[in-house]
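# Chain and residue survey
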Amino acid sequence: MANQVVEQLAGMRLFYNTGTAKPYSFRKEQLLKFKKTLLKYEEEIYHALYTDLGKSKEEAYASELGLVLAEINHTLKNLRNWMEPKSVQTTLVNLPSSSKIYRDSLGVVLIISPWNYPLNLLLIPLVGAIAGGNCVVLKPSELSPATSAITEKIISETFSPSYVKNFTGDGAEIVPELMNGFRFDHVFYTGSVFVGKAIYKMAAEKLIPVTLELGGKSPGIVEADANIHVTARRLVLGKFLNAGQTCIAPDYLLVHNSIKDELVKSIIKSIENFYSKDSSTSYDYGKIINERRFDKLLSFLQNGNIIYGGRHDRSKLWIEPTLIDNVPMDSPLMTEEIFGPILPIISFETMNEAVDLVQKNPNPLAFYLFTSNSNNEKLWIDKIHFGGGCMNNTAWYFANKQFPFGGVGNSGIGAYHGKHSFDVFTREKPVMKTPTWFDPGFKYPPMKGRLNFFKKFIN
Ligand code: NAD
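Quick summary incoming for the structure in this document.

Conventions we followed
- Residues numbered from 1 in each chain as written.
- Predicted model: local features only at pLDDT ≥ 70, side-chain atom pairs only at ≥ 80, totals over all residues.
- Heavy atoms only, no water.
- Helix = DSSP H or I, 4+ residues; strand = E, 2+ residues; numbered from the N terminus.
- Rg over C-alpha atoms; globule rule 2.2 N^0.38 Å.
- Contact = heavy atoms within 4.5 Å.
- Areas by Shrake-Rupley, 256 points an atom, 1.4 Å probe, with all protein chains shown as cover.
- Lys, Arg positive; Asp, Glu negative; His and termini not counted.
- Charge placed at Lys NZ, Arg CZ, Asp CG, Glu CD.
- Near = heavy atom within 4 Å.
- Polar contact = N/O pair within 3.5 Å; in protein donor to acceptor, adjacent residues only side chain to side chain.
- Axes fitted to C-alpha atoms, helices over the stretch in contact; angles between N-to-C directions.
- Parallel < 35°, antiparallel > 145°, perpendicular 65-115°, else oblique.
- Nonpolar A, V, L, I, M, F, W, Y, C, P; charged D, E, K, R; others polar.
- Pairing = 2+ DSSP bridges.
- Salt bridge = Lys/Arg side-chain N within 4 Å of Asp/Glu carboxyl O.
- Expected span 1.5 Å × (residues − 1).

## Some details on the overall build of the protein chain
Per the secondary structure count, the protein chain includes 16 helices and 20 strands. Here the C-alpha radius of gyration of the protein chain, 25 Å, is about what a compact globule of 459 residues would show, namely 23 Å. A separation threshold of at least 6 residues defines the contact pool for the protein chain, and within that pool the share at least 24 residues apart is 72%. Carbon and sulfur atoms form 55% of the exposed surface of the protein chain, whose accessible area is close to 20,600 Å². Counting 50 positive and 45 negative side-chain charges, the protein chain places the centres of these two groups 10 Å from one another.

Spelled out as structure tokens, the structure:
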């Protein structure tokens, strides 16, 4: 097996070296083919996402397939321009040279994705890698097998295996095999901090650049002046989408004391409006990915006082949207990423108190503030280092292709989407061009006596 993998990767390198993947016309053609195959398998994609995670078609489109298609459309619209070398100013001392920045493809890149948005998080990076003129190895998660099977079908039907190749299987086995047997030119990983560190180590051995899209504890802050009704609706959507298994879900809530009771009532009302009083039969409510995660989530329920929800059924992998208060700050619920439909609600009195609570889990991937005061917004944005976020909203910022999507510190390295993906999967290559009709002697030795001249021209 190992030899076979190494041979396949060597074949990809040979293909990359032919330069076939680089011209604009090839990249465009591949993206168009890709879009066509995705649309051909639209129904199978919905079926797979329902099988793995209980997603409705609407949710599957809005949070997975639709975002991939939008990424392809946006890339097709802008790719020619992104690929154009860009002229920049030339310094005085180098005149009359001209200066351009070219965009170089990277080579053969590896994309590793998790199970929670198994289509989106595998294929949006793929769009960027194709746009960048690279050959691509894909490693989807083994924990979402139905989606992995349909993506395998889409990939093998659309692309030649020496251009884009999918490797399925246990990540703990296959990823080290891939990374030890071959030198990738970039590794793009989405998943947990724990595995992210292992990937970073393997990459460091070979000085391979990485993008790490990780997780963490993303806070939702509700100030006393927030619009309670709208806040509750938006929080419930962001938290319980995909049964809470969203990296940018609000992990926990910090609510001003004065409005806690009213907000909790409004959250409960929204939960029941969206998913009915029995979410186990709701068309709009997903399921937990597997028994292992289910058991882990149930263990969190020991950590505080359940004020709403808490019912569950292991045979259906169902855990009801659950609200918890009186949570000790040193309990696993407040020190580990929850990644499920459990929302701890903690009250605060002053902003400093709330900031201190957020700083217990620094560098969140996402940050959500609900307030009607724009000074509050500025203060919070300035105080907290977070990957990205929303004011008076949750999660939807992910859909803006103009935004660089990524974490900071503990929540990741690098960012992508739209042009930012193109930037991840290409390298800026600066080139200066100097005419030969002008070749003054002052830049050549002997230099003695030219110090003042250089002081003037090198600035
Ligand atoms: P996962 O278990 O599916 O793992 C992710 C990938 O790593 C898979 O392809 C898997 O095969 C591979 N893998 C697993 N163990 C490995 C090992 N020992 N060595 C090498 N590769 C290995 O997914 P997960 O890690 O449970 O994903 C959930 C985490 O991902 C959460 O922390 C969540 O916040 C984070 N996440 C982040 C984003 C983001 O965009 N920042 C998006 C989704 C999920």
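## Points about the site of the ligand
Close to the ligand lie 28 residues, the nearest being S113, S141, E142, L214 and E337. Backbone polar atom of G171 to an oxygen atom of the ligand: 3.4 Å apart, as the coordinates give it. Backbone polar atom of L214 to a nitrogen atom of the ligand: 2.7 Å apart, as the coordinates give it. Burial of the ligand by the protein chains amounts to 89% of its free accessible area of 850 Å². Elements represented by at least two residues in the shell around the ligand include exactly α7 (171–181), β6 (186–190) and α8 (193–205). The dominant element in the shell around the ligand, judged by the number of residues it contributes, is α7, at three residues.

## Observations concerning the packing of helix α3 (residues 42–53) against helix α4 (residues 57–83)
Where α3 meets α4, the closest approach of the two axes is 10 Å, and the angle between their N-to-C directions is 100°. For the element pair α3 / α4, the angle class is roughly perpendicular. The residues of α4 that touch α3, namely those facing E42, E43, I45, Y46 and L49, are K57, A60, Y61, E64 and L65. Residue composition of the contact of α3 with α4, by class: six nonpolar, no polar and four charged.

## Focus on the sheet that holds strand β15 (residues 366–370)
Sheet strands pair via backbone hydrogen bonds, and the direction of the pair is either parallel or antiparallel. Judged by pairing direction, the sheet is mixed, and its seven strands sit side by side in the order β10-β13-β14-β9-β8-β15-β16 without closing on themselves. This sheet does not close on itself; its edge strands, each paired only once, are β10 (305–308) and β16 (388–391). Between one strand and the next, the sheet's axes are offset by a mean angle of 25°, whatever the strand orientation. Looking at chain direction, strand β9 (residues 252–256) and strand β14 (residues 342–348) are connected through four bridges and run parallel. Opposite H256, over in β14, you have F348 as the bridge partner. The strands that helix α13 (residues 351–359) touches are β8 (219–222), β9 and β14; relative to β9, the one it contacts most, it runs at about 170°.

## Digging into the sheet that holds strand β1 (residues 86–88)
Read from one edge to the other, the open sheet built from three strands follows the order β1-β2-β20, with strand pairing classed as antiparallel. With one partner strand each, in any of the chains shown, β1 and β20 (426–433) form the two edges of the open sheet. For this sheet the average axis-to-axis angle between neighbouring strands, irrespective of direction, equals 30°. Sheet topology places β1 next to strand β2 (residues 98–105); three bridges connect them, and they run antiparallel. Bridge pairing in β2 places S87 opposite K100.

## Focus: the side chain of H186
If you trace the backbone, H186 turns up in strand β6. A distance of 2.7 Å separates a polar atom in the side chain of H186 from a polar atom in the side chain of T211. Beyond its immediate sequence surroundings of up to four residues, H186 is in contact with L106, V108, V109, L110, I208, P209, V210, T211, V424 and F425.

## Quick word on the pattern of salt bridges
Scanning the model with the defined rule gives 16 salt bridges in all. Salt bridges linked by common partners bring R103, K419, D423 and E428 together as one network.

## So, helix α1 (residues 2–17)
In this model α1 runs 23 Å from its N-terminal to its C-terminal C-alpha over 16 residues, within 8% of the 22 Å that 1.5 Å per residue would give. Buried positions along α1 lie against α2 (24–40), β2, β3 (108–112), β4 (135–139), β5 (164–166) and α7.

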